[in-house]
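Architecture and fold: a report
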Amino acid sequence: MDLLRFITAGSVDDGKSTLIGRLLYDSKSILADQLEAIERASKSRDDGEIDLALLTDGLRSEREQGITIDVAYRYFQTPKRKFIIVDAPGHIQYTRNMVTGASNCQLAIVLVDARHGVVEQTRRHSLIASLLGIPHIVVAINKMDLVDYSQDVFSDICIQYADLAKKLNVHQVTYIPMSALNGDNVVDKSSAMPWYEGVTLLEHLETVTIDDDANGETEDHHPARFPVQYVIRPQTADLHDYRGYAGKITSGVFRKGDAITVLPSGETSTIDAIEIAETHFDEAATPMSVVLHLATDVDISRGDLIVRSDRQPIISQTVEAMLCWMDTKEFKAGNKYLLQVGTFRTRCSVREIAYQLNVNTYEETEGVDSLKLNDLAKVVLRTAQPISFDPYQKNRATGGAILIDETSNVTVGALMLVGEA
């Protein structure tokens, strides 16, 4: 059974938490004690209805304000698929929360209030989903009950968003009219909208093709990549000559006999064995954790990247990247940070801010001196050592990176590597 990770995003009060609550409630994925807990917490409501948003709004401050602040994760499954739900905040000051929450998602549900249509938050979250390379977008047009389930309202919003998707070069968009509060078209088909002939949200989630499984060798964006996490060298009497390289295959397939290159050194060898839990296999693929054995002794340490010799990544010390700044301290040219790509870490300095990206209008502003918390920008970095990477839009596994403050050791920036500068 495969796993689908998806994020819900949208404007404040569009009903993201209620939608997730409805999805869990109607698919019978709530335990009895959870249901009792939210029933008790809902007693203060005048109408006596169960507040399904309380299933994800777990912080006291979230419940008091009726908003989502932190990223919440929920797990459930149906007979067809397992799911991880990421509930992202809608406020602009929590843009960084959405970036971190969405970085591993294969699908994004963008909620739109049927009364308001496409608003600034819709544009912002759609831009972030596009930058993060999320392949599938579901536009959930919620609160249809408040516009009398009007087909014209639904059609108008579809037209608005289609124009937005064209600008962002997003192709796989699905539109679903619903009422999360009443359960229309979330799990069960709505009798209130007979004009809608498409699937419900859950049906779409169960059947959507997950096409970024990173295993397809013939695809340009699925080359074989193996960041080394640990070198196993027991040097015991029984395992005197044992030397293995442990890690997780982040994309592609490795096979016994493959010619490989170790980066950044450029040394070459062939795969002599692939080991999983002391058992040898002829091949292994994403996302398996394995131990690779090479035919020759090569100088390899944590942070090195093992790749197939015929499909090598970019190797450079000057890189361009899209940055989401996540710290209260300003980001400026000349600042120095630690850059981490996979398991490899090196120092870097900021060469320039090429332009700042307006998350609401999509305008690119050049000549910017500094970035503040939650700003998005294209930047140029110079690294102390060459880094090995693939462009993020081709391979999210090796194209994503983080910036770390050298003094506090706090992650201060999320990077989507674009290419060599």
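In short, a report on the structure. Predicted, not measured: the structure shown is a model, and the values here were computed from it.

**Let's talk about unusual backbone geometry**
In this structure, the amide linkage connecting L263 to the following residue, P264, adopts the cis form with an omega of 15 degrees. In this structure, P264 sits in the loop between β10 (259-263) and β11 (267-276). In this model, N185 sits at a positive phi of 60 degrees, which is unusual for a non-glycine residue. Tracing the backbone through its elements, the reader meets N185 in the loop between β6 (173-177) and α7 (201-207). Taking the relative accessible area as the measure of exposure, N185 reaches 0% and is therefore buried. Here E278, not a glycine, exhibits a phi torsion of approximately 65 degrees, which is positive. Within the secondary structure, E278 is located in the loop between β11 and β12 (279-281).

**What about the packing of helix α5 (residues 120-131) against helix α6 (residues 151-168)?**
Two packed helices can be described by the angle between their axes and the distance between those axes. Here α5 crosses α6 at 35 degrees, and the two axes come no closer than 10 Å. Classified by chirality, the crossing of α6 by α5 is right-handed. Within the contact between the two elements, α5 uses T122, R123, S126, L127 and S130 and α6 uses Y161, L164 and L168. When its residues are assigned to classes, the contact of α5 with α6 shows four nonpolar, three polar and one charged.

**Some points on the side chain of S126**
With respect to the helices and strands, S126 occurs in helix α5. Classification of S126 as buried rests on a relative accessible area of 2%. Here the side chain of S126 touches Y161 through a polar contact of 2.7 Å, side chain to side chain. Dropping the residues within four chain positions of it, S126 is found in contact with V110, Y161, L164, L168 and Y362.

The rules behind each value
Residues numbered from 1 in each chain as written. Predicted model: local features only at pLDDT ≥ 70, side-chain atom pairs only at ≥ 80, totals over all residues. Heavy atoms only, no water. Helix = DSSP H or I, 4+ residues; strand = E, 2+ residues; numbered from the N terminus. Buried < 20%, exposed > 50% of the residue type's maximum accessible area, 1.4 Å probe, protein only. Axes fitted to C-alpha atoms, helices over the stretch in contact; angles between N-to-C directions. Left-handed = near helix turned anticlockwise from the far one by under 90°. Contact = heavy atoms within 4.5 Å. Nonpolar A, V, L, I, M, F, W, Y, C, P; charged D, E, K, R; others polar. Polar contact = N/O pair within 3.5 Å; in protein donor to acceptor, adjacent residues only side chain to side chain.

Interpretation in functional terms is not warranted from these geometric data alone.
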